[in-house]
Amino acid sequence: MEKGRKLRILVAKPGLDGHDRGARVIARAFRDAGFEVVYTGCHQTPEQIVSTAIQEDVDIIGLSILSGAHTYSFPRIMELLKESNAQDISVIGGGIFPLEDIPKLKEIGIKEIFEPGAKLQDITDWVTTNIQPRQAVALKAR
Amino acid sequence: MGKKVLSESALERMQTEYNEWLAEYKQALQKMPERLGRFSTVSDLEIKPLYTPQDIEHKDFFEEIGFPGFYPFTRGVQSTMYRARLWTMRMFAGLGTSEDTNQRFHYLINHGETGLSTAFDFPTLMGYDTNSPLARGECGKCGVAIDTVEDMQRLFANINLEKVTTSMTINPPASIVWAMYIANAENEGYSRSKLGGTIQNDCLKEFIAQKTLMLPPEPSLRLVTDTVEFGTREVPRWNTISISGYHIREAGSTAVQELAFTIYDGITYVEEGIKRGLAVDDFAGRLSFFWNSHIDFFEEIAKMRASRRLWARLMKERFKAKDPRSMLMRFHTQTAGCSLTAQEPYNNIIRTTTEGLAAILGGTQSLHTNSLDEVYMIPSEEAVLIALRTQQILADETGVTNVIDPLAGSYFIEALTDKMEEEATEYIRKLDELGGMVRAIERDYPQMEIADAAYHFQQQVEAGEKLIIGVNKYASERRELEFVLKIDDTIEKMQVDRTNQFKEKRNKDRYRRAMDELRRRCEGPPSWENNVMPALIEAVRAGATEQECCDLYREVFGVYTDPGTF
Amino acid sequence: MDIVEQIISGDVRATARLLRDIDDEIPTSKEILKELYPHTGKAYVIGFTGSPGVGKSTLVDQMAILYRKEGKTVGILAVDPTSPFSGGAILGDRIRMQRHFLDAGVFIRSLATRGHFGGLTRSTNDMVNVLDAMGKDIIIVETVGVGQDEVEIANSAHSTVLVTVPGMGDDIQAIKAGIMEIGNIFVVNKADREGSRKTIRELRNMIEIGCRRGGSNGWEPPIIETEALKSRGMEELHGAIEKHRSYLLSSGEDKWKEVIEKRVRIQLIETLKDQAFRTLLDRMEARGDSLDELVEKVVDKKSDPYTLVQEIISRELG
């Protein structure tokens, strides 16, 4: 990591589900791990999430969902990141997913899925190990 | 037991023998230490190894425990309790389309369920029709999609609405969905004065915990009070608010926080009703409550017993209620969704049984027992039947319903009941000091208390101080159940088409007039003349959809978003 | 296109990335800032300050609506505190600005204080310059709102709005001293609450005293009553900001020049301090001197801070 770099993470809740216990607990855990956490609150559309991720220049997006609407929102978020040329932003998910959906989510580029019972420590460790804050921008295009 | 039941000499002997036991206990621990560093409830309330008559020596039996059906109702709200009538077995159900849910209702009734409870999908809960762009991917997933009065008709087809009571878990749009229910029932030939049921309609706990957010607190309270006023005058058998601790607890609160914040929400609703000009005894009897039954068996029983006494005292002393019915804490209970595990899901049956038993010993008026697969999804038919049967076995086989409030007089239960009341009273005092619940919510006070408790619990789990079988003890891999319900993504388009067709065929003039009248009432000062309910009933009859009414609310009253502070 | 061109053309991704590099003190960001500087000076900068929970974010959200209605583009920098224990932060101000998330005319960035005191971050002024170069017409800076020493904003913004709510008597006492220096406009938000009359009266008294002492410079700060959640008083607040702006612009060249000079002076001093400190530190490091050793020396009473600093300065700069 470059000197002075801080990892920035967006914790977002897509969809209309307001059950934010998990999102709030994990946001605190990320803060306590030394990350800068941008929290969107509940009820975000994929468009809002991607726009926020870009404006806030985060390294990773953590999506929390319990409603089953991930079949729509997760692929849509991946699609929008691609359209915005922002595929370098990693995406992870937490919540309840039917087991058969998990490989499908990984196939579309979700880096990791954390299920109920996942330890906070394991999640923050995973982020620290797997996510590198990006390089500095260069003055002249390379 | 009773005030000074123990004589001076008995007390003395008690103390001496207690000390002897304690010395023996400590000595024994030298050889084999206590299993845990600290024994505490799931809410982290510390528990002593032994309770004795000394722990309840200060109690006055008549003032604090008394008899069931009599003030302060610690032992139950009816004199007969389950010897005359069991609690209502009310399973929360809603899935897919209105037809799918109607089918589930009939299935449950055919298997012995005695009341209905409706789960709506997220767009309906948030005041959006299925065709809203915000509703993409949500239709029917976590409940049933209700956009129009026609959906309501399909939902309750072939169900006698004067015989069965219906609970509807709906909050910001509660007035609209209730209007649809009343309009449909009248279309089917039932009389509104004979309709019985409950709308959850508890906007305050949404700000605190569940975050089904739509309008700011003040207009939300105005709409709640409109329904209370309308119910008092026109639908007298309806419970117009189900003041809910359930979601507060699921958000991670302690038992005491659930008790205190919920009761304070109740205080706020009573104050609003009085401000509207209603007499407390005219409406307080129709307020009902909703508790979570979590995994810590005795803590839950104590909480429920304390809730009855606390509410009765508040109604009598703070609000000067005269009618004993105004003082009754009648409540529904649901076993704790957050205690279920995705790992080894069959274990959830055992958790639910324990929690259901606590609710029964706590004296609940109705009960939803979670299905073992509810941790993943809304339940399958197979799982919901086991959950319903769990209640029926507890009711008919175990004998726990033979006697009223069987745990009364237990040194531990009475002491814990007192502790619950004491600590909740302290929170109530703090909330008074903050200027009431709305102000406290604006300052994020209850939200922060809950978030702190949730984080604390999670850290305890990770440190192994709180154990969850299959998760942090005997941890196991998750396996899929053989019967997981799947909601077909194609029903979304079907529902969108249906709602669009419904809107096309409505009488435009009648619809316009009805919406104008609704707007006029919303914009006017709160009063019976401006009560939204009559205008809503006409509006939904005239073809207004749920979202159209909510959009009008949002326009007139403004939109509230979660402050989301940490 | 290189990064400078991208930012000047309003590219969101490029801007967002440069802001991060500035915040993280990546050396190359200074080079880019140099090239962007000629393109700054067009934006109007508004500061919002006041204690936690007074409704700053909601007011900022509402002001952004009004400026967007005028067709102006808006940049928002919102500061939240860094946890002193972990160095992490939860940044949640933008929750109250959700309506703008999909508006290409609004750019919102959340910042953490990272141990900096004074209400802003070390990087805020540089970031304002970037948003200015990016072409944002209005830049709104929301301070962290944890203490009463948040005076920095007055040097960063053209107009500063000081927000309070009824019943925060201590607040007013604390801002009393520097009241005229900080606030150009005062807002009593949540004005429907009890005690609002009293708060307004107290504020008015203080402003009058301040004006009499000659702190006003010809501008008498107005007090605006608002209920941001209900959009009440927003037109008035917007009007007051615009009035202050035209006051600065129209009272001859002087006032505007004064404000600009003050901003530049502060930024110059801050940059100088920052760079000088950094240069010194780098040189010491190159020599193998560590700050820890110096600390130890003082703790062990082998030396004192004054002698040590003198030694360093004369060695490195003398």
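Bear in mind the structure is a predicted one, so any value in this text is a computation, not a measurement.

Draft legend 1. Representation of the sheet that holds strand E7 (residues 185-188) of chain C in the model. All names here are of chain C. A sheet is described by the order of its strands in space; here seven strands give the open sequence E4-E2-E5-E1-E6-E7-E8, paired in parallel fashion. On the outer flanks of this sheet lie strand E4 (106-112) and strand E8 (223-225), each paired with one strand and no other. For this sheet the average axis-to-axis angle between neighbouring strands, irrespective of direction, equals 20°. Bridge count for E7 against E8 is three bridges, and the pairing is parallel.

Draft legend 2. How the structure looks around the interface of chain A and chain B. Across the boundary between the two partners, chain A contributes 29 residues, which contact 36 residues of chain B. Contributions of two or more residues to the side of chain A that touches chain B are made by helix H1 (21-32), helix H3 (70-83) and helix H5 (120-130) of chain A. Residue contributions to the side of chain A that touches chain B peak at five residues, all from H1(A). Taken together, the residues of the side of chain A that touches chain B sort by class into 12 nonpolar, 10 polar and seven charged.

Draft legend 3. Expanded view of the nonpolar core. By size, the foremost hydrophobic cluster in this structure holds 257 residues, and its most contacted members are Val37(A), Leu536(B), Ile76(C) and Ile140(C). Not counting residues up to four positions away in its chain, the partners in contact with Ile140(C) are Ile46(C), Phe48(C), Val60(C), Met63(C), Ala64(C), Val74(C) and Ile76(C).

Draft legend 4. The sheet that holds strand E5 (residues 238-239) of chain B, seen in detail. Residue and element names in this part refer to chain B. Strand order in the open sheet formed by nine strands is E5-E4-E3-E2-E1-E9-E8-E7-E6, and the pairing between neighbours is parallel. Pairing within the sheet leaves two strands with one partner each, and these edge strands are E5 and strand E6 (241-244). Sheet analysis places strand E1 (residues 88-93) next to strand E2 (residues 115-119), joined by four bridges and oriented parallel. Within E2, the residue paired with Phe92 across the bridge is Ser117. Against the sheet, helix H14 (residues 381-396) touches E1 and strand E9 (366-368), its axis set at about 160° to E1.

Draft legend 5. Structural detail: the interface of chain C and chain A. Each partner contributes residues to the interface: chain C has 34 residues there, and chain A has 32 residues. Elements with a contribution of two residues or more to the side of chain C that touches chain A: helix H2 (12-23), helix H3 (28-36), strand E3 (89-91) and E4 of chain C. Here the side of chain C that touches chain A gets eight residues from one element, more than from any other, and that element is H2(C). Split into classes, the residues belonging to the side of chain C that touches chain A amount to 17 nonpolar, eight polar and nine charged. Here strand E2 (residues 36-39) of chain A pairs with E3(C) via three bridges, running parallel. By the bridge assignment, Val38(A) is partnered in E3(C) with Leu91(C).

Calculation rules
- Residues numbered from 1 in each chain as written.
- Chains lettered and ligands numbered in written order.
- Predicted model: local features only at pLDDT ≥ 70, side-chain atom pairs only at ≥ 80, totals over all residues.
- Pairing = 2+ DSSP bridges.
- Helix = DSSP H or I, 4+ residues; strand = E, 2+ residues; numbered from the N terminus.
- Axes fitted to C-alpha atoms, helices over the stretch in contact; angles between N-to-C directions.
- Contact = placed C-beta atoms within 7 Å.
- Nonpolar A, V, L, I, M, F, W, Y, C, P; charged D, E, K, R; others polar.
- Core = buried A, V, L, I, M, F, W, Y, C linked by C-beta atoms within 7 Å.
- Buried ≥ 20, exposed ≤ 12 C-beta atoms within 10 Å, placed from the backbone.

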